[in-house]
Amino acid sequence: MNIKRKMQKQQKKKQLSAQKTEKAMIVGLLEGSPDGIGVAVVRLDCGCCKMACIDNEGEAASKVVIFRDGAESICEKCKADNGAFIRVKEEFIYWVEPEPEEEQKQSILEKVFGSHTTH
């Protein structure tokens, strides 16, 4: 195995991916959204998670759902602020195979999550 391939594998491992419990929700969202090419996943610092199916333009292809794994309902913070952006811990898109081209993925990521700058 060449070095470039090893590096690509390591980068893939570092990328965020859906947890087992999130995958069931992702599958459900995709089944109900025939235009969906992926699911935007936002993990909050409280342990709750927000998700929505997205289409090839980066528009919502489903309603936004918010849930907390293993709980009957979302936490009190999320009930009060609907999972405020300030509390986002991690965000990524779970892409449906075949994934879009890299340029389209970047465009969709920026549209869904906005562009980030560090100071």
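Note that the structure is a prediction, hence the values are computed from the model and not measured.

**Some details on the sheet that holds strand 2 (residues 48–54)**
The four strands lie next to each other as 3-2-1-4, forming an open sheet whose pairing is antiparallel. Because the sheet does not close on itself, it has two edges, and the strands there are strand 3 (65–68) and strand 4 (88–95). Each neighbouring strand pair of the sheet contributes to a mean axis angle of 20°, computed without reference to strand direction. Where strand 2 meets strand 3, four bridges bridge the pair, whose relative direction is antiparallel. Paired with Cys48 across the bridge in strand 3 is Arg68.

**Overview of helix 2 (residues 20–31)**
Here helix 2 spans 17 Å end to end across twelve residues, near enough to the 16 Å set by a 1.5 Å rise per residue. Within helix 2 the residues assigned to the buried category are Glu22, Ile26 and Leu29. What you see down the axis of helix 2 is that its buried residues fit within an arc of 65°, all on one side. Facing away from the buried surface of helix 2 by more than 90 degrees, the exposed residues are Lys20, Ala24 and Glu31. The inward-facing, buried residues of helix 2 abut strand 1 (38–44), strand 2, strand 3 and strand 4.

**Topic: the confidence of the model for the protein**
Residues at a pLDDT of 70 or more form 84% of the protein, whose mean pLDDT is 85. Contacts from residues 4–14, a stretch scored under 50 in pLDDT, to residues over four places away or in other chains number two contacts.

Conventions and cut-offs
Residues numbered from 1 in each chain as written. Predicted model: local features only at pLDDT ≥ 70, side-chain atom pairs only at ≥ 80, totals over all residues. Heavy atoms only, no water. Pairing = 2+ DSSP bridges. Helix = DSSP H or I, 4+ residues; strand = E, 2+ residues; numbered from the N terminus. Axes fitted to C-alpha atoms, helices over the stretch in contact; angles between N-to-C directions. Expected span 1.5 Å × (residues − 1). Buried < 20%, exposed > 50% of the residue type's maximum accessible area, 1.4 Å probe, protein only. Arc of directions from axis to C-beta. Contact = heavy atoms within 4.5 Å. pLDDT = per-residue confidence, 0-100.

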